[in-house]
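Observations on chain architecture
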Amino acid sequence: MCAIPPVGLEYAEFHDLPKELMQCGTPYSEIVKRFTLSENPLLRPEVLAEWLERRTQARQLGGSIDHIVKFGNGMVIKVSDRRMPDGSYVGLRVDVTELTHARKIAEASNKAKTDFMNVLSHELRTPMTVIMGVAGLTKNARVLSSSKILLSAIESGDRSEDEITSLLDDMFAQHSDLMSKMIKSGDHIMELINGMLDFAKIESGSILINPTICDIKDIMDPVEQLLSTLAQEKGLIFEVQQVSGTVWADRVRIRQILFNLVGNAIKFTESGSVRITVRIDADTVVFEVNDEGSGIPEAELESIFDPFYQVDSSATRHVGGTGMGLAISHNFAELNLGELTVTSTLGEGSCFTLTLPSTDASKV
Ligand code: ADP
């Protein structure tokens, strides 16, 4: 029996095989079998047999083998075997774990960006369609229903001055209504663009957060005023419970987070309530946004903070959005020395918790 060549010992060590296996005379199929079983102990015998057959045939036919082997511990090895003119074999095993991992991340990020472009185009097109439609209508103001009624009343010459004034008011009201729709759509586009700009700033690390000691009420009031109307329009119960006190926060950015959280709570709740509570807990201020909406699957609870991630549920598809809000909010919370977390039960509702320092954290 010949001595085991050093490369054989290394091979045995690398694959955690007994070194005697590498002695001259061990059939190639035996080595492959032991190695395959050590990596996949539960492999069914027929699958193993077929795999061995393919490996040995490939070796006998052309002598060249190129494939990727994934190990149970996550390691990925590129296997290349070549037959030399004298009948011997040269085999290369290249560790491509990091490369494979980096490629997967790059592919996932590329896919997320492509998905985002699709979602964003859709989100931009909807308000743009409204703007173009309204602009088209008002461009031909004479054909608006209120204008036609007014014109025919003037032409008939038998209407009183008061009647004409009232019809004129109706025409102004219709114009104003159309313009409101246009402004609402314009605001929505502006929001999307601002979100993209914030996101770009976060990615480049150039976002500025300026926390100061702020009154909790001062942060919460605009959120309550604006969003309670939205919740009521949807027929939801909207409740706010807050303590008086101060929080160490960038007023504008933290309000932005709360607008995002409460806006989502309203967006994803069809009936029931949206409740916001603010309490002081030791040296933190805790903002909790509870809803009785669609909830989020447990497996996706972490991913929703990833940029552009949206739960692929009918609820999300129905209400739209871009998947930027929570990623931005999560970043702002951390930059403000706080944290943003979530708990949720599918079909029952979600609770987003924003925790911020109650005192001047720069002095702590
Ligand atoms: P957007 O709402 O624009 O899609 P967000 O980043 O704010 O983006 O949210 C990401 C995703 O997280 C949403 O698309 C939705 O699937 C899920 N989500 C966020 N908040 C809630 C909530 N309160 N209830 C259910 N799902 C939510």
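Structure first, text after, so check above.
Counting of residues starts from 1 at the beginning of each chain's written sequence and follows it residue by residue. Local features in this predicted model are restricted to residues of pLDDT 70 or higher, and side-chain atom pairs are both shown and tallied only at a pLDDT of 80 or more, whereas totals for entire chains, interfaces and linings draw on every residue. Each side-chain value is worked out from all heavy atoms of the structure, with water and hydrogens disregarded.

As a further point, take the environment of Asp 158. Each helix corresponds to a stretch of at least 4 residues labelled H or I by DSSP, and each strand to a stretch of at least 2 residues labelled E; elements are numbered beginning at the N terminus. Relative to the helices and strands, Asp 158 resides in the loop between α5 (145–156) and α6 (161–204). In the analysis that follows, any N or O atom pair within 3.5 Å is treated as a polar contact, provided that within protein one partner can donate a hydrogen and the other can accept it, and provided that, for residues neighboring in sequence, both atoms belong to side chains. A distance of 2.6 Å separates a polar atom in the side chain of Asp 158 from a polar atom in the side chain of Ser 156.

Next up on the list: the sheet that holds strand β8 (residues 284–291). Taken together, the five strands give an open sheet; going across it, the order is β5-β7-β8-β10-β9, and neighbouring strands pair in mixed fashion. For this open sheet the edge positions go to β5 (237–242) and β9 (339–345), each flanked by a neighbour on one side alone. On average, each strand axis in the sheet is inclined to that of its neighbour by 15 degrees, with strand direction left out of account. For two strands to be treated as a pair, DSSP must find no fewer than two bridges joining them. What counts as an axis is a line fitted to C-alpha atoms, over the stretch in contact for a helix, and the angles between N-to-C directions run from 0 to 180 degrees.

Glancing now at the side chain of Thr 355. Note that Thr 355 resides in strand β10 (residues 349–357). Exposed residues in this analysis have more than 50% of their type's maximum accessible area, buried residues have under 20%, and partly exposed residues fall in between, with area computed by a 1.4 Å probe over protein chains only. For Thr 355, a relative accessible area of 18% corresponds to the buried category. Any two residues having at least one pair of non-hydrogen atoms within 4.5 Å are treated as being in contact. Contacts of Thr 355, omitting those with residues within four sequence positions, involve Thr 284, Val 285, Val 286, Gly 338 and Glu 339.

So, on to the packing of α5 against α6. At a minimum axis distance of 8 Å, the contact between α5 and α6 shows a crossing angle of 160 degrees. Considered as vectors, α5 and α6 are oriented roughly antiparallel to each other. Here the hand of the crossing between α5 and α6 comes out left-handed. Across the interface between the two elements, Ser 145, Ser 146, Ser 147, Ile 149, Leu 150, Ala 153 and Ile 154 from α5 touch Ile 164, Leu 167, Leu 168, Asp 170, Met 171, Gln 174 and His 175 from α6. For classification purposes, angles smaller than 35 degrees are called roughly parallel, those larger than 145 roughly antiparallel, those between 65 and 115 roughly perpendicular, and all remaining angles oblique. Two helices cross in a left-handed way if the nearer one is turned anticlockwise from the farther one by less than a right angle. They cross in a right-handed way if the turn is clockwise.

When a carboxyl oxygen of Asp or Glu is within 4 Å of a side-chain nitrogen of Lys or Arg, the pair counts as a salt bridge. Under the counting rule described, the total for this entry stands at 16 salt bridges. Of the charged contacts, one joins Arg 279 and Asp 281 as a salt bridge, the two residues approaching to 3.9 Å between their closest N and O atoms. With relative accessibility at 34%, the residue Arg 279 sits in the partly exposed group. The partner of Arg 279 in a salt bridge is Glu 288, with the nearest N and O atoms 3.1 Å apart. Given the relative accessible area of 19%, Glu 288 is considered buried.

Let us look at the nonpolar core. For soluble globular proteins, the rule of thumb is that nonpolar side chains tend to be buried together. The term nonpolar core refers to a set of buried residues drawn from Ala, Val, Leu, Ile, Met, Phe, Trp, Tyr and Cys, joined through side-chain atoms within 4.5 Å. Among the nonpolar cores identified, the biggest contains 48 residues, and Val 247, Val 262, Phe 287 and Leu 354 are the most heavily contacted of them. Looking at which element gives the most residues to this core, the answer is helix α8 (residues 251–267), with seven residues. Non-local contacts of Val 262, meaning those with residues more than four positions away in its chain, are made with Val 223, Leu 227, Phe 238, Val 274, Ile 276 and Val 289. Phe 35, Val 69, Phe 71 and Ile 77 belong to the second largest nonpolar core, which has eleven residues in total.

Moving on, we get to the packing of α6 against helix α10 (residues 325–335). In the contact formed by α6 and α10, the axes pass within 10 Å of each other and the chain directions differ by 50 degrees. Viewed along their axes, α6 and α10 adopt a mutual orientation that is oblique. The hand of the α6/α10 crossing is left-handed. Together, Gly 195, Asp 198, Phe 199 and Ile 202 of α6 and Ala 327, Ile 328, Asn 331 and Phe 332 of α10 make up the contact between the two elements.

Across the sheet, three strands lie side by side as β1-β2-β3; this open sheet has antiparallel pairing. Of all the strands in the sheet, the pair left with one neighbour each is β1 (65–70) and β3 (89–95). If you compare each strand with its neighbour and ignore which way they point, the axes differ by 20 degrees on average. Two elements, β1 and strand β2 (residues 76–83), share six bridges in a ladder whose sense is antiparallel. Looking across to β2, one finds that Lys 70 is bridged to Val 76.

Our next topic: unusual backbone geometry. Glycine aside, residues mostly have negative phi, and peptide bonds are mostly found in the trans state. In this structure, Ala 282 takes a positive phi of about 55 degrees despite not being glycine. One non-glycine residue, Leu 337, lies in the positive phi region at around 60 degrees. Along the polypeptide, Leu 337 turns up in the loop between α10 and β9. The exposure class of Leu 337 is exposed, given its relative accessible area of 54%.

Here a cavity denotes grid points, spaced 1 Å and computed from the protein atoms alone, that fit a 1.4 Å probe unable to get out, and a pocket denotes an open set having protein on both sides within 12 Å along at least 5 of 7 lines; residues with an atom within 4 Å of a point are the lining. Grid points are joined across faces, edges and corners, and a volume is the space filled by probe spheres set on the points. Scanning all chains against the criterion turns up one cavity of 30 Å³ or more. The space that makes up the largest cavity amounts to roughly 40 Å³. Contributing to the lining of the largest cavity are Tyr 11, His 15, Phe 35, Arg 55, Val 69, Val 79 and Arg 93. All residues other than Ala, Val, Leu, Ile, Met, Phe, Trp, Tyr, Cys, Pro, Asp, Glu, Lys and Arg, Gly among them, are scored as polar; the first ten of these are nonpolar and the last four charged. In terms of residue class, the lining of the largest cavity is made up of four nonpolar, one polar and two charged.

Right, let's get into α10. For α10, the full list of buried residues reads Leu 326, Ala 327, Ile 328, Ser 329, Phe 332 and Ala 333. At its buried positions, α10 is contacted by α6, α8, β9 and β10. After α10 finishes, the residue Leu 337 shows a positive phi value of roughly 60 degrees.

Glancing now at the pairing of β1. Side chains of β1 alternate between two faces, with Ile 65, His 67 and Val 69 buried and Asp 66, Ile 68 and Lys 70 left unburied. Hairpin connection of β1 to β2: five residues between the antiparallel strands, including Gly 74 at a positive phi of 100 degrees.

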